[in-house]
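# Descriptive structure summary
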Amino acid sequence: MIIIISGSPRGEKSVSTESAKQIAELSGQPYQLYDASSWHIDYCNACNNCVRDGRCTLESGDDFDSILRDLHNADGLILASPVYCGNYTAQLKTLIDRLAPDLHTMTLLGKPAVVLAVSDSSYEERTAESLSELLEYAGAEIVDTVLINGKTKKDEKKERLNAAAALLQEALSDAHSPALSDRTMTWFKKQTVQYRVLLKLADCFPEIMGEAKMWQSLGYSGCSDAREAAVMRRRLNGSNSSLKTD
């Protein structure tokens, strides 16, 4: 299953949402769409309970938990946004803020992802880079970045969507070995050192142990680097490794 997360508030009029759906359909994979025109997500309130519990614990009855659950269980991800004021939308930023513990503990490690940015005329590259950076911190493998603007010709757009779908399909195959960025590799190494220290001092700092325990529960503590951990996560995907958010 592929999860599409689109930050566009324009619903059926959204070029970014429609393009993301086309990539999923062309890849031949079933997909679930979450878009900003229909979701309700409350703001992060900086309670810092995620540091204690390893996950966002804001209980507001919004759509965040269901999106997060499907994101964790998904085989792949398409993250899309139009360009608003030079970057991705405020609606998408609200979701991403709530994903902070997932970026810290790299819960998307090895998950194939396509990033899509759509603009009228400019800043689609900067928007795509911002989204890619966030996904890389969460551990995702960026298999393609699709840029579309008002000057993109119809045939060129179709070619880019087809290429992204093919790369996503290949990345979802059993034979695929995750190709992680230098940013992901470096972040994994940094977090490994930090969480190993915290786990040794668990009795001293119980109020900040949530993320360290999440890291340990994911099996990362026993891995030498991000690639080894990503392969492990892919092998376990679909079994009892699914993260629980309820």
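Everything below is about the structure printed above this text.
Let us look at the structure shown here. The shown structure was predicted, so the numbers you read here are calculated from the model rather than taken from an experiment.

For the rest of this paragraph, the subject is the overall build of the chain. Regarding its fold elements, the chain presents 10 helices and 5 strands. Summarising its shape, the C-alpha atoms of the chain cover approximately 60 × 40 × 30 Å along the three principal directions. Burial status across the chain gives 48% buried among its 246 residues. Contacts in the chain between residues far apart in sequence, at least 24 positions, make up 78% of those at least 6 positions apart. Surface accessibility of the chain: about 12,100 Å² in total, with carbon and sulfur atoms responsible for 49%. Distance between charge centroids for the chain: 2 Å, based on 27 positive and 34 negative side chains.

Our focus in this paragraph is the side chain of Ser 8. Checked against the element boundaries, Ser 8 lands in the loop between β1 (2-6) and α1 (15-27). Given a relative accessible area of 1%, Ser 8 falls into the buried group.

Further remarks concern the sheet that holds strand β4 (residues 112-118). Strand order in the open sheet made by the 5 strands is β2-β1-β3-β4-β5, with parallel pairing throughout. Edge strands, defined here as strands with exactly one partner in the open sheet, are β2 (31-35) and β5 (141-148). Each neighbouring strand pair of the sheet contributes to a mean axis angle of 15 degrees, computed without reference to strand direction. Looking at chain direction, β1 and strand β3 (residues 76-82) are connected through 5 bridges and run parallel. Bridging from a neighbouring strand, Ser 6 pairs with Ala 80 of β3.

There is a patch of nonpolar side chains on the surface, built from Val 193, Val 197, Leu 201, Phe 205 and Ile 208 and spanning about 380 Å² of accessible area. With respect to the element layout, Leu 201 can be found in the loop between α8 (182-200) and α9 (210-217).

The end-to-end C-alpha separation of helix α6 (residues 124-137) is 20 Å, in line with the 20 Å expected for 14 residues at 1.5 Å each. For α6, the full list of buried residues reads Glu 124, Thr 127, Ala 128, Ser 130, Leu 131, Ser 132, Leu 135 and Glu 136. Residues of α6 that are buried in the fold lie against β3, α4 (90-98), β4, β5 and α8. Of the residues one or two after α6, Gly 139 is the one with positive phi, at around 100 degrees.

Parameters and conventions
- Residues numbered from 1 in each chain as written.
- Predicted model: local features only at pLDDT ≥ 70, side-chain atom pairs only at ≥ 80, totals over all residues.
- Heavy atoms only, no water.
- Helix = DSSP H or I, 4+ residues; strand = E, 2+ residues; numbered from the N terminus.
- Buried < 20%, exposed > 50% of the residue type's maximum accessible area, 1.4 Å probe, protein only.
- Contact = heavy atoms within 4.5 Å.
- Areas by Shrake-Rupley, 256 points an atom, 1.4 Å probe, with all protein chains shown as cover.
- Lys, Arg positive; Asp, Glu negative; His and termini not counted.
- Charge placed at Lys NZ, Arg CZ, Asp CG, Glu CD.
- Pairing = 2+ DSSP bridges.
- Axes fitted to C-alpha atoms, helices over the stretch in contact; angles between N-to-C directions.
- Patch = residues over 30% accessible without salt bridge, like charges linked within 9 Å, V, L, I, M, F, W, Y side chains within 5 Å.
- Salt bridge = Lys/Arg side-chain N within 4 Å of Asp/Glu carboxyl O.
- Expected span 1.5 Å × (residues − 1).

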